[in-house]
Amino acid sequence: MNEYELMTILHPRLSADEAAAAIASVEAQIAAHGGEMLSTDVWGRRRMAYPINGNMDGTYVLMTLKMPPAGASPLEAWLIITDPVLRHLLIRGIIPYQGRDRDDDRDRDRDRDDRDDRDDRDDRDDRGNEAPAAVLDSADAPEEVADAATAEE
């Protein structure tokens, strides 16, 4: 049996009792296909990134479950034709949420600073042309360059 995460978005017109009934029917379908519920987490009503069938929000529900691989396909087929479910996503494997670490933010900021330093060292001018090479003063030049410069005069 594989472990799965199932995220569903329920229709916003459902009352709290209807949403609970829809969640219970999804759990019943999971059991009917040989699955076992591990947890159900109702996130509540949230705004979606884009409209689905003219709806801008829905009730988000995250379920973790164990199910044989053969039961996943019929469960998804049932979720597609179920009216209260606007969208669903079934993922094999449970991904533990570890939260966001402040050290990750510092590392990302440090990488951004390194990129800015590399940009500052660019040897091109604003128009994309090669910056002119520094002209060597004969006093600062090595002896061979200074000898070559005096020989040309």
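Bear in mind that the values here come from a model prediction, so they are computed numbers and not experimental data. (Residues numbered from 1 in each chain as written. Predicted model: local features only at pLDDT ≥ 70, side-chain atom pairs only at ≥ 80, totals over all residues. Heavy atoms only, no water.)

> Give a description of the overall build of the chain that names residues and reports values.
Along its length, the chain carries four helices and four strands. Along the chain, helices (α) and strands (β) appear in the sequence β-α-β-β-α-β-α-α when read from the amino end. Within the span of the chain, comprising 153 residues, buried residues form 25% of the whole. Across the chain, the fraction of contacts at a sequence separation of at least 24, relative to all contacts at a separation of at least 6, is 69%. Approximately 11100 Å² of the chain is accessible, and the part contributed by carbon and sulfur atoms is 48%. (Helix = DSSP H or I, 4+ residues; strand = E, 2+ residues; numbered from the N terminus. Buried < 20%, exposed > 50% of the residue type's maximum accessible area, 1.4 Å probe, protein only. Contact = heavy atoms within 4.5 Å. Areas by Shrake-Rupley, 256 points an atom, 1.4 Å probe, with all protein chains shown as cover.)

> Go over the sheet that holds strand 2 (residues 36–52), please, and point to the residues and values.
Strands sit in the order 2-3-1-4 across an open sheet of four strands; the sheet is antiparallel. Two strands in the sheet have a free side with no partner beyond their single neighbour: strand 2 and strand 4 (85–92). Strand-to-strand twist of the sheet, defined as the mean angle between neighbouring strand axes without regard to direction, takes the value 20°. Here helix 1 (residues 16–32) sits on the sheet and contacts strand 1 (2–10), strand 2 and strand 3 (55–67); the angle it forms with strand 3, its principal contact strand, is near 30°. Its contacts with the sheet put helix 2 (residues 69–81) on strand 1, strand 3 and strand 4, and the angle it makes with strand 4 is roughly 165°. (Pairing = 2+ DSSP bridges. Axes fitted to C-alpha atoms, helices over the stretch in contact; angles between N-to-C directions.)

> Describe unusual backbone geometry, listing the residues and the values that go with them.
The residue N53 is not glycine, and still its phi comes out positive at about 55°. Mapped onto the elements of the fold, N53 is located in the loop between strand 2 and strand 3.

> Let's hear about the pattern of salt bridges: which residues, and what values?
Evaluation of the coordinates by the stated rule reveals one salt bridge. Two residues, R45 and D57, come together in a salt bridge whose shortest N-O distance is 2.9 Å. A residue pair is termed long-range when its members are at least 10 positions apart, and R45 in strand 2 and D57 in strand 3 qualify at 12 residues. (Salt bridge = Lys/Arg side-chain N within 4 Å of Asp/Glu carboxyl O.)

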